[in-house]
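The primary structure of each chain is shown beneath.
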Amino acid sequence: MSAIAAENTITVQNLLAAFEGESNAHAKYTAFAAKADDEGFHGAASLFRAAARAEQIHATNHSRVLHQLGSRSECEIHKVEVKSTLENLKAALNGEQYEIDTMYPGFLAEATERANKAAMRTFHGALEAEKTHARLYSEAIALVVSGKTDTWIGEARDFYVCPVCGYTSETEEEHERCPVCNCPWEKFEIIR
Ligand SMILES: [Fe+2]
Ligand SMILES: [Fe+2]
């Protein structure tokens, strides 16, 4: 471990844990998207793809800070357990909720205590973006449970993903800039 990484041991450990979580979430959501397409939930598949892209952005952001702190970013990608789309949506929501309620607030508090601005920024961006995923997954679960396949859940659709922080929106031009990181809307990626 480099001297700078040793000075920031806990922040580095937290960044590695977050990097691993995001990298695995990306793999999971990509597999869940394929399953949702198989089951005819094409809108849920679009949502999984958009969230997968957002998690990849988070992983890249965490990795950049790890490198700045003199650490490598490596992790193990676990085998994905794919179940029904309803179960996959619930598993995804649980993962997001853990990150929102526990993981990121703790990591953000530690980085704030150490006044590590780069770590604070990457944790804050991910925390806020995960809230958009939790909201969209909850909506998707309610639609699948009620059997309303004539809604967006049944049709492939566009989602808008902030390329800087991963904020995910179902509405075009809801804002002029990303409400989390201020990135201009025209830079958002459209994921279907
Ligand atoms: Fe997420
Ligand atoms: Fe953003």
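The structure this text deals with has already been given above.
What counts, and at which threshold
- Residues numbered from 1 in each chain as written.
- Chains lettered and ligands numbered in written order.
- Predicted model: local features only at pLDDT ≥ 70, side-chain atom pairs only at ≥ 80, totals over all residues.
- Heavy atoms only, no water.
- Helix = DSSP H or I, 4+ residues; strand = E, 2+ residues; numbered from the N terminus.
- Rg over C-alpha atoms; globule rule 2.2 N^0.38 Å.
- Buried < 20%, exposed > 50% of the residue type's maximum accessible area, 1.4 Å probe, protein only.
- Polar contact = N/O pair within 3.5 Å; in protein donor to acceptor, adjacent residues only side chain to side chain.
- Donors = N, O, S within 2.8 Å, 3.2 Å for Na, K, Ca; no water.

Description of the overall build of the protein chain
Secondary structure assignment for the protein chain yields five helices and three strands. Of the regular secondary structure in the protein chain, the N- to C-terminal order runs α-α-α-α-α-β-β-β. Scaling as 2.2 N^0.38, a compact globule of 192 residues should have a C-alpha radius of gyration of about 16 Å, and the protein chain matches this with 17 Å. Counting every position in the protein chain, which comprises 192 residues, the buried fraction comes to 47%.

Quick notes on the environment of Thr-30
With respect to the helices, strands and loops of the structure, Thr-30 is situated in helix 2 (residues 9-38). Residue classification places Thr-30 among the partly exposed positions, given a relative accessible area of 42%. A distance of 2.7 Å separates a polar atom in the side chain of Thr-30 from the backbone oxygen of His-26.

Topic: the coordination of the iron ion (ligand 2)
Geometry reference: four tetrahedral donors at a metal, ideal angle 109.5 degrees. Six octahedral donors, ideal angles 90 or 180 degrees. Protein coordination at the iron ion (ligand 2): the donors are Cys-162 (SG), Cys-165 (SG), Cys-178 (SG) and Cys-181 (SG), at 2.3 Å from the metal. Look at where the donors of the iron ion (ligand 2) fall in the sequence and you get C-x2-C-x12-C-x2-C. Residue Cys-165 is located in the loop between strand 1 (159-161) and strand 2 (168-169), and its partner Cys-181 is located in the loop between strand 2 and strand 3 (189-191); the two are separated by 16 residues in the primary sequence.

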